[in-house]
Amino acid sequence: MSDEPTPTDNGLAARLRAATDAAHRAAESTPYVTALIDGQVNRAGYAALVAQHYFIYETLEQAAEAMRDDPVAGPFVVDELTRLPRLAEDLAFLLGPGWREEIAPNAATEAYRQRLREVCFTWPAGFIAHHYTRYLGDLSGGAFVAAAVRRTYEFSGDEGTRFYQFDIASRGRFKREYRARLDALPLDDTEFDRAAEEAVIAFYLNQGVFQELGAATMEAV
Ligand code: HEM
């Protein structure tokens with residue numbers, strides 16, 4: 001027996017996963033994501049995704065700082081997850097030293113950031129919903145994306161894909177601990193339902209970003 005915390009079958013983590021299952025399938029099967037995994041997006045199209053991530057994580061990680069000392073949301077804020085410096089490195093690699101002047105948030109990213117500003121700085125369970133949607137996804141499907149990107153553009157090592165690398169020894173163990181932390185949240189059913197709805201919104205906001213990227217980049221493939 002290990003003393004690792006174990007998520008339960010009907011705890012908050014399992015319910016959150018079930019509540020977002022359909023939205024997950026919708027997000028991962030958008031044409032842009034499918035094309036990226038299939039090696040059908042050109043390098044500029046991939047850089048456009050990294051740029052949108054930069055703006056999304058800028059706001060999400062500002063919220064993380066605001067929530068760091070919150071008794072409910074604070075335990076989710078761990079430095080190993082911080083992505084913004086890695087996105088900056090990936091952009092410097094992809095676009096060169098003047099990268100910051102070359103990127104701008106698209107309309108879907110602006111809508112996503114607006115939602116993050118509305119809920120993540122003052123509502124701990126809302127912050128957790130957005131945190132879960134991005135970071136647990138990055139730790140899971142992110143590995144497939146990184147492998148595909150390396151293969152497509154023939155990047156070596158972690159160049160251009162630092163965003164997908166984590167200083168975490170065991171992702172499996174980290175995710176189990178994360179889910180156990182979700183299960184331990186002091187949320188009543190109403191508050192849980194609100195948080196689950198917010199996670200579904202987070203997935204659809206991500207889908208919106210992919211749709212706009214697809215419209216902007218796929219005809220250039
Ligand atoms: C390339 C597209 C994607 C693939 C191949 C993919 C694949 C996966 C896989 C295999 C898992 C299960 C991992 C496990 O059980 O440990 C997972 C979990 C997850 N993914 Fe994705 N995913 C993709 C896109 C996304 C997107 C766009 C998001 C949201 C922005 C997302 C968010 C999540 C979350 C939150 C989980 C954790 C579910 C849970 O266990 O509660 N994924 N993904």
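Before reading on, note that the structure itself is shown above.
Residues numbered from 1 in each chain as written. Predicted model: local features only at pLDDT ≥ 70, side-chain atom pairs only at ≥ 80, totals over all residues. Heavy atoms only, no water.

(A) Molecular detail of the site of the ligand. The immediate surroundings of the ligand are formed by 20 residues, with R17, H24, Y132, K175 and R179 found nearest. It is helix α8 (residues 124-139) that provides the largest number of residues to the shell around the ligand, a total of five residues. Across the shell around the ligand, the residue classes break down as nine nonpolar, six polar and five charged. (Near = heavy atom within 4 Å. Helix = DSSP H or I, 4+ residues; strand = E, 2+ residues; numbered from the N terminus. Nonpolar A, V, L, I, M, F, W, Y, C, P; charged D, E, K, R; others polar.)

(B) Up close: unusual backbone geometry. For E154, which is not a glycine, the phi torsion comes out positive at approximately 55°. Turning to its location among the elements, E154 is positioned in the loop between α9 (142-153) and α10 (171-183). When its relative accessible area of 69% is taken as the criterion, E154 is described as exposed. (Buried < 20%, exposed > 50% of the residue type's maximum accessible area, 1.4 Å probe, protein only.)

(C) Spotlight on the pattern of salt bridges. Summed over all chains, the structure comprises 13 salt bridges. One salt bridge connects E65 with R68, and the closest N-O pair in it is separated by 2.8 Å. A salt bridge links E110 to R113, with the nearest nitrogen and oxygen atoms 3.7 Å apart. Within this pair, E110 and its partner R113 are both found in helix α7 (residues 107-119), separated by three residues, close to a single helical turn. Overlapping salt bridges, with partners in common, bring together E58, E110 and R113 in one network. (Salt bridge = Lys/Arg side-chain N within 4 Å of Asp/Glu carboxyl O.)

(D) Main features of the packing of α8 against helix α11 (residues 189-217). Two elements in contact, α8 and α11, have axes whose closest approach is 8 Å; the angle formed by their N-to-C orientations is 40°. Relative to α11, the element α8 lies oblique. With respect to the hand of their crossing, α8 and α11 are arranged in right-handed fashion. Where α8 approaches α11, its residues A125, G126, A129, H130, Y132, T133 and R134 are matched on the opposing element by E191, A195, E198, A199, A202, F203, L205 and N206. Tallied by class, the residues present in the contact of α8 with α11 amount to eight nonpolar, four polar and three charged. (Axes fitted to C-alpha atoms, helices over the stretch in contact; angles between N-to-C directions. Parallel < 35°, antiparallel > 145°, perpendicular 65-115°, else oblique. Left-handed = near helix turned anticlockwise from the far one by under 90°. Contact = heavy atoms within 4.5 Å.)

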